[in-house]
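Structural overview
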Amino acid sequence: MQIRELDIPDSYELTPKQFGDDRGVFLEWYRADVLESAIGHTISLAQANTSVSRRGVVRGIHFADVPPSQAKFVTATHGSVLDFVIDIRVGSPTFGQWDSVLLDDVDRRAIYIAEGLGHCFVALTDDATVSYLVSAPFNAAREHGINPLDPEVGLDFPVPDDELLLSPKDTEAPGLSAAREAGLLPTWADARAFYDTLNGVR
């Protein structure tokens, strides 16, 4: 499995080695030791989620309070999505910036998104099936969102605007600046302090 850090610190793309023959294909889509070598600790897997989306569906931008927030390990088991990681940590050197990874059932890549980062994806095919391993159970009171169409963030969706489909919750979410002014966003300092506790730094 190959791993590389994305342009947003604390996020990674993972590409598995696939073994195919006339029966099909085998791969390891999650390896705790490979991920630990990059982030400095194992993630405590607390919940697994799956979503199925039609083409054009946008889910996100979602994030949770730090600590504990939710680290996410995400892959597409059917179809394809463009997956975005957005740096919403106030004070981060890449605050407001984003990077993306194509997740599909061909290369079968995964993306790791650390606690405190924003997450969003757009489905590029019908029945796009995305599976997430997360480090903390869902807690509605600690979950927040940013409007994925916020021009300040400027996510580049490879789907025509008139084909995008958002939930009312995501459509009504504030923009990045409004979320910052409301005190909803995590800080770079708080995120780094939490990562240090995970890595055993005193």
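All values reported here derive from a predicted model rather than from experimental measurement. In this numbering scheme, every chain counts its residues from 1 along its sequence in written order. In keeping with the predicted nature of the model, local features appear solely for residues at pLDDT of at least 70, side-chain atom pairs appear and are counted solely at 80 or more, and the whole-chain, interface and lining totals rest on all residues. To obtain the side-chain values, all non-hydrogen atoms of the structure were used and water was disregarded.

For the rest of this paragraph, the subject is the UniProt feature "active site" (unreviewed entry) in the protein chain. UniProt positions are given in the numbering used here, feature names are shortened, and annotations may be inferred rather than shown by experiment. Here the UniProt feature "active site" (unreviewed entry) sits at H62 and Y132. For this annotated set, covering 71 residues, all C-alpha atoms fall within 13.3 Å of each other, a compact arrangement in space. The secondary structure listing takes helices from DSSP runs of H or I that are at least 4 residues long and strands from runs of E that are at least 2 residues long, numbered from the N terminus. Tracing the backbone shows H62 in strand β6 (residues 58-64). Burial classes: relative accessible area under 20% of the type maximum marks a residue as buried, over 50% as exposed, and values in between as partly exposed (1.4 Å probe, protein chains only). The class of H62 is partly exposed, set by a relative accessible area of 25%. Those residues within four positions of H62 in sequence are excluded, and the remaining contacts are K72, L117, G118, H119, H144 and D170. As for its position among the elements, Y132 is in strand β12 (residues 128-134). Note on contacts: a residue pair is in contact if any heavy atoms of the two residues lie within 4.5 Å. Setting aside residues no more than four positions away along its own chain, Y132 makes contact with Q47, A48, N49, T50, S51, R59, F73, V74, H119 and F121.

Put simply, a nonpolar core is a bunch of buried Ala, Val, Leu, Ile, Met, Phe, Trp, Tyr and Cys residues held in one set by side-chain atoms that sit within 4.5 Å of each other. Ranked by internal contacts, the top residues of the largest apolar core, which has 33 residues, are L14, F73, V81, V85, L103, I111 and Y112. Sequence-distant contacts of I111, defined by excluding residues within four places in its chain, comprise L6, Y12, L14, K72, F73, V74, D83, V85, V101 and L103. Formed by 20 residues, the second largest nonpolar core is a distinct cluster that contains V58, I88, I146 and F157.

Next up on the list: the sheet that holds strand β10 (residues 110-113). A pair of strands is treated as paired once DSSP finds two or more bridges between them. Strand order in the open sheet made by the 6 strands is β1-β2-β10-β7-β12-β5, with antiparallel pairing throughout. One side of each edge strand has no neighbouring strand; the edge strands of this open sheet are β1 (2-5) and β5 (47-53). Direction aside, neighbouring strands of the sheet carry axes that sit 20° apart on average. Convention adopted: a line fitted to C-alpha atoms gives each axis, helices being fitted over their contacting stretch, and angles between N-to-C directions are expressed from 0 to 180 degrees.

The peptide bond linking G60 to I61 adopts the cis configuration, its omega dihedral lying at 10°. Positive phi is not limited to glycine here, since D127 has a value of about 55°. Mapped onto the elements of the fold, D127 is located in the loop between β11 (118-123) and β12. Residue D127 is classed as partly exposed on the basis of its relative accessible area, which comes to 47%.

When the centres of two rings from Phe, Tyr and Trp lie within 6.5 Å, Trp using its six-membered ring, the rings pair. Their planes under 30 degrees apart give stacked, over 60 give edge-to-face, and anything left gives tilted. Throughout the structure, instances matching the rule amount to 5 aromatic pairs. Note on Y30 and F73: the rings are 4.9 Å apart at their centroids and 80° apart in plane angle, and the pair reads as edge-to-face. With a gap of 43 residues between them, Y30 in the loop between β4 (24-27) and α1 (32-39) and F73 in strand β7 (residues 72-78) connect regions that are remote in the sequence. Relative to W98, the ring of F84 has its centre 5.3 Å away and its plane inclined at 75°; by these criteria the two rings are edge-to-face. On the criterion of sequence distance, the pair formed by F84 in strand β8 (residues 80-86) and W98 in strand β9 (residues 98-104) is long-range, its members being 14 residues apart. Among the aromatic side chains, those forming a connected cluster through ring pairs are W29, Y30 and F73.

Right, let's talk about helix α4 (residues 188-198) for a bit. Listing the buried residues of α4 in full gives A191, F194 and Y195. When α4 is viewed along its axis, its buried side chains cluster within an angular range of 100° and face the same direction. G200, located one to two residues past α4, shows a positive phi value of around 80°. This arc is built from the directions going out from the helix axis to the C-beta atoms.

If you trace the backbone, P137 turns up in the loop between β12 and β13 (143-145). In this structure the C-alpha to C-alpha distance between P137 and S69, which are 68 residues apart in sequence, comes to 9.2 Å.

Structurally, the position occupied by S135 is in the loop between β12 and β13. S135 sits in the buried class, given a relative accessible area of 17%. With residues near it in sequence (within four places) discarded, S135 still touches S44, A46, Q70, A71 and E115.

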